[in-house]
Amino acid sequence: MPSMDEVRLVLEAFGIGACYIAVSCSLITFNKYLMHEDRFPHAKALTATHMSVTLCMSMILYKVAPSLYPTMGKAKDNWQTLLKYLVPLGTLFALALYCSNKAYLYSSVAFLQFCKEGNVVIVFAMAVVIGLQAFSWTKVGILSVVVTGCSLCAHGEIHFVWMGFILQLVSQFAECAKNTIGEVVMSGSGLKLDVLTFVLLQAPCSLLPLVVSTTLTWQPEIWVAFQAHWPMILLNALNAFALNVLVATTLKRLSAVAFVIIGIMKDSVVVVLSSAIFGDRISLMQIIGFSIIMTGIALWGNLKIKEQAEKDKLGEQEPLAKAAKV
């Protein structure tokens, strides 16, 4: 018979996981809905709105609950070091969001989601190049499974559009580069920032290039479309901020295993919703390819969890070894 504490932990994990999946899926489908030519097909303006709301809401949350930003003091003390990372990071993040939103004009949600699964391969390659991860043939073998699945999904796309595919690739490379820099900021250089502090600090660095770019390419129809759909646009931006908060909560409260499982479930739900809501046709080859991708992602997640467990074990043994020498 499980104890009350165990039941509470299970219910908490289920609640957080369900909220994360719901908010993440709603943001993806919401972006696709807004980017329709008859609504608000202005990717830069939409992305700038997202970042403006994220910055404002992050500042309000920091003012109301500073305890949620435990490393903000460290960030302020090392602002010069942080700035050299955050400026390129913000630019890359802005580019990733813009291209990702723009791609919705050309390709289906399901196809773009299939492409995004290849991020794990790109991140690994970048991390190996700069020395953040060690190369191993085991990792290459697992990631080859993911690449095979992605290739099948791309080949099986019924309405393939090169512009959507290229925009998505640019978005993924920019996002992966941003994540690689983020890993240095979050865990390296003696900084190790929490997620919400990281979001608050990178928001203005992403907003600035978006505002400049939007201003330089401004068209009167952007304001007309905004006036017609501003309640949905602001709700969409709040949805994006809510996802940032939920990511931080999920990483803090749930185990690595739970996070991997939730990620796989979320990807599956996105593909199903895309087909149900937008009528995106999914071919048999894509179903097979997506199944292969999910298998590869699960294997990769399991490998990374084992690596983290070994690091934690070594971290626990190190103080004991020092004590024994004394």
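Note that the structure is a prediction, hence the values are computed from the model and not measured. (Residues numbered from 1 in each chain as written. Predicted model: local features only at pLDDT ≥ 70, side-chain atom pairs only at ≥ 80, totals over all residues. Heavy atoms only, no water.)

Our focus in this paragraph is the overall build of the chain. From N to C terminus, the chain includes twelve helices and zero strands. When its helices and strands are written in sequence order, the chain yields α-α-α-α-α-α-α-α-α-α-α-α. Per-residue burial for the chain yields a buried fraction of 43% across its 326 residues. Taking contacts inside the chain between residues at least 6 apart in sequence as the whole, the part at least 24 apart equals 85%. (Helix = DSSP H or I, 4+ residues; strand = E, 2+ residues; numbered from the N terminus. Buried < 20%, exposed > 50% of the residue type's maximum accessible area, 1.4 Å probe, protein only. Contact = heavy atoms within 4.5 Å.)

On average, the chain scores 81 in pLDDT, and the residues at 70 or more come to 86%. Every residue in residues 319–326 scores below 50 in pLDDT, and together they form zero contacts with partners more than four places removed in sequence or on other chains. (pLDDT = per-residue confidence, 0-100.)

Two elements in contact, helix H4 (residues 79–103) and helix H9 (residues 195–216), have axes separated by 7 Å at closest approach and are oriented at 60 degrees. The angle between H4 and H9 places the two elements in the oblique class. When you trace H4 past H9, the crossing you get is right-handed. Across the interface between the two elements, Leu82, Leu86, Val87, Leu89, Gly90, Thr91, Phe93 and Ala94 of H4 pack against Phe198, Leu201, Gln202, Cys205, Ser206, Pro209 and Leu210 of H9. (Axes fitted to C-alpha atoms, helices over the stretch in contact; angles between N-to-C directions. Parallel < 35°, antiparallel > 145°, perpendicular 65-115°, else oblique. Left-handed = near helix turned anticlockwise from the far one by under 90°.)

Let's shift gears to the nonpolar core. Formed by 30 residues in total, the largest nonpolar core has its most connected members in Tyr20, Phe40, Leu46 and Tyr104. When near neighbours in sequence (up to four residues on either side) are disregarded, Phe40 contacts Leu34, Met35, Ala45, Leu46, Ile222, Ala225, Phe226 and Ile233. Grouped together as the second largest cluster of nonpolar side chains are 17 residues, Ala110, Leu143, Cys150 and Ile297 included. (Core = buried A, V, L, I, M, F, W, Y, C linked by side-chain atoms within 4.5 Å.)

If you trace the backbone, Asn179 turns up in helix H8 (residues 162–187). Taking the relative accessible area as the measure of exposure, Asn179 reaches 32% and is therefore partly exposed. Measuring from C-alpha to C-alpha, the distance between Asn179 and Leu92 comes to 9.5 Å, with 87 residues separating the pair along the chain.

Now for the packing of helix H6 (residues 119–130) against helix H7 (residues 137–155). Remark: H6 packs on H7, axes separated minimally by 9 Å, with the N-to-C direction vectors making an angle of 145 degrees. Viewed along their axes, H6 and H7 form a crossing whose handedness is left-handed. Two secondary-structure elements touch here, H6 through Val120, Val121 and Phe124 and H7 through Lys139, Val140, Leu143, Val146 and Val147. Across the contact of H6 with H7, the residue classes tally to seven nonpolar, no polar and one charged. (Nonpolar A, V, L, I, M, F, W, Y, C, P; charged D, E, K, R; others polar.)

Right, let's get into H4. Between its first and last C-alpha, H4 extends 34 Å over 25 residues, near the 36 Å set by a 1.5 Å rise per residue. Those residues of H4 not exposed but buried are Leu82, Tyr85, Leu86, Leu89, Gly90, Phe93, Ala94, Ala96, Cys99, Ser100, Asn101 and Ala103. (Expected span 1.5 Å × (residues − 1).)

A few words now on the packing of aromatic side chains. Throughout the structure, instances matching the rule amount to ten aromatic pairs. Note on Phe135 and Trp137: the rings are 5.1 Å apart at their centroids and 80 degrees apart in plane angle, and the pair reads as edge-to-face. For the pair Trp162 and Phe165, a centre-to-centre distance of 5.8 Å together with 75 degrees between the ring planes defines the contact as edge-to-face. Note that Trp162 and Phe165 are positioned in helix H8 at a spacing of three residues, about one turn of the helix. For Trp162, a relative accessible area of 58% translates into the label exposed. (Phe/Tyr/Trp six-rings, centres within 6.5 Å; stacked < 30°, edge-to-face > 60°.)

Structurally, Thr29 can be placed in helix H1 (residues 4–34). Of note is the side chain of Thr29, whose polar atom sits 3.1 Å from the backbone oxygen of Ser26. When neighbours within four sequence positions are excluded, Thr29 is seen to be in contact with Leu273, Ile277 and Phe278. (Polar contact = N/O pair within 3.5 Å; in protein donor to acceptor, adjacent residues only side chain to side chain.)

Time to look at the side chain of Thr197. Structurally, Thr197 can be placed in helix H9. Residue Thr197 is classed as buried on the basis of its relative accessible area, which comes to 0%. Setting aside its immediate chain neighbours within four residues, Thr197 contacts Tyr69, Thr71, Met72 and Ala75.

Okay, a nonpolar patch on the surface next. Among the surface-exposed residues, Leu95, Phe160, Trp162, Ile166 and Val170 lie close enough to one another that they form a single nonpolar patch of about 460 Å² accessible area. Counting residues per element, the nonpolar patch draws most heavily on H8, which supplies three residues. As for its position among the elements, Leu95 is in helix H4. (Patch = residues over 30% accessible without salt bridge, like charges linked within 9 Å, V, L, I, M, F, W, Y side chains within 5 Å. Areas by Shrake-Rupley, 256 points an atom, 1.4 Å probe, with all protein chains shown as cover. Salt bridge = Lys/Arg side-chain N within 4 Å of Asp/Glu carboxyl O.)

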